[in-house]
Amino acid sequence: AATAEPAPEEPKQAPGPTCVGDTVTCPEGARLQAKVEGRYVTVLRLDGKLVCIDAICFHAGGPLGIGDIEEVNGRKCIVCPWHFYKIDVESGDKYYQTMEFKEGKMQAGEWKSNGVRQRTHKAWEEGGKIYVQLTTYERRPSHADYVESDGYAFDEKCGDRCLN
Ligand code: FES
């Protein structure tokens, strides 16, 4: 009998959205810490908008999800409590402040982006519940899709810092 060629490996089936809580538990300015498909994420409501970002900091596994909110260039950022990196909660960009030589001395200049370092996800509400749809399903995303925070996203040791 002829032997069949093995079928090429299918990409992992995308799980549907996950309910992470009731709308009432996340009023303006509040946040929810959740584990979705094993991934630690933080949902925040800022200016009436729900956003979702990986809870563990791409830099060294810090508890980004519990960081303060600050504005940089008119963008809402979450500030990692460990080394104070400022991450855009909507885009995942990491910002840094340039230094300029002005009037005979070094002075803080404008804020610029180092690029997207922290993965963001989709969050919305429906029927009194808040849902999250992860933007990646793989534990080890392909190189092309890799965002630095993917490397920490499933780390129990790091993630529990945000949940506790
Ligand atoms: Fe270093 Fe977050 S762990 S800034």
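Everything numeric in this text was worked out from a predicted model, so none of it was measured. (Residues numbered from 1 in each chain as written. Predicted model: local features only at pLDDT ≥ 70, side-chain atom pairs only at ≥ 80, totals over all residues. Heavy atoms only, no water.)

So, on to the overall build of the protein. Tallying secondary structure elements over the protein gives one helix and 11 strands in all. For the protein, the α and β elements follow one another from N to C terminus as β-β-β-β-β-β-β-β-β-β-β-α. Overall, the C-alpha framework of the protein stretches about 85 × 40 × 25 Å when taken along its three principal axes. When burial is assessed residue by residue, the protein has 39% of its 164 residues classed as buried. Within the protein, contacts between residues separated by at least 24 positions form 48% of all contacts whose residues are at least 6 apart in sequence. Surface accessibility of the protein: about 9,400 Å² in total, with carbon and sulfur atoms responsible for 50%. Within the protein, the 26 negative side-chain charges are centred at a point lying 4 Å from the centre of the 21 positive side-chain charges. (Helix = DSSP H or I, 4+ residues; strand = E, 2+ residues; numbered from the N terminus. Buried < 20%, exposed > 50% of the residue type's maximum accessible area, 1.4 Å probe, protein only. Contact = heavy atoms within 4.5 Å. Areas by Shrake-Rupley, 256 points an atom, 1.4 Å probe, with all protein chains shown as cover. Lys, Arg positive; Asp, Glu negative; His and termini not counted. Charge placed at Lys NZ, Arg CZ, Asp CG, Glu CD.)

Before going further, it helps to examine the packing of aromatic side chains. By the definition in use, this model includes two aromatic pairs. When the ring of Phe58 is compared with that of Tyr85, the centres are 5.9 Å apart and the planes differ by 40°; the resulting orientation is tilted. Of this pair, Phe58 sits in the loop between strand S4 (49-54) and strand S5 (68-72) while Tyr85 sits in the loop between strand S6 (75-79) and strand S7 (86-88), placing them 27 residues apart in sequence. Residue Phe58 is classed as buried on the basis of its relative accessible area, which comes to 6%. A residue is classified by how much of its surface remains accessible, and Tyr85, at 23% relative accessible area, is partly exposed. Measuring from ring centre to ring centre gives 6.1 Å for Trp124 and Tyr131, while their planes differ by 20°; the resulting arrangement is stacked. Geometry around Tyr85 places Lys94 over its ring, the cationic atom sitting 4.2 Å from the centre. (Phe/Tyr/Trp six-rings, centres within 6.5 Å; stacked < 30°, edge-to-face > 60°. Lys NZ or Arg CZ within 6 Å of the ring centre and 35° of its normal.)

On inspection of all chains with the given rule, the structure shows 14 salt bridges. Close ionic contact of Asp47 with Lys76 constitutes a salt bridge, the shortest N to O distance being 3.7 Å. One end of the pair, Asp47, is in the loop between strand S3 (39-46) and S4; the other, Lys76, is in strand S6, and 29 residues separate them in sequence. By relative accessible area, Asp47 is classed as exposed at 61%. Between Asp145 and Arg119 there is a salt bridge; the shortest N-O distance is 3.6 Å. Here Asp145 is found in the loop between strand S11 (129-133) and helix H1 (156-163), whereas its partner Arg119 is found in the loop between strand S9 (105-116) and strand S10 (120-126), with 26 residues between them in sequence. One connected set of salt bridges, linked through shared partners, spans Arg39, Asp54, Arg119, Asp145 and Asp150. (Salt bridge = Lys/Arg side-chain N within 4 Å of Asp/Glu carboxyl O.)

A separate point is the sheet that holds S7. The strand order S5-S6-S7-S8-S9 describes an open sheet built from five strands, whose pairing is antiparallel. What marks the edges here is a single partner per strand, and that holds for S5 and S9. Ignoring strand direction, the axes of neighbouring strands in this sheet form an average angle of 40°. Relative to strand S8 (residues 93-102), S7 runs antiparallel, the two being bridged by two bridges. If you follow Lys86 over to S8, its bridge partner there is Tyr95. (Pairing = 2+ DSSP bridges. Axes fitted to C-alpha atoms, helices over the stretch in contact; angles between N-to-C directions.)

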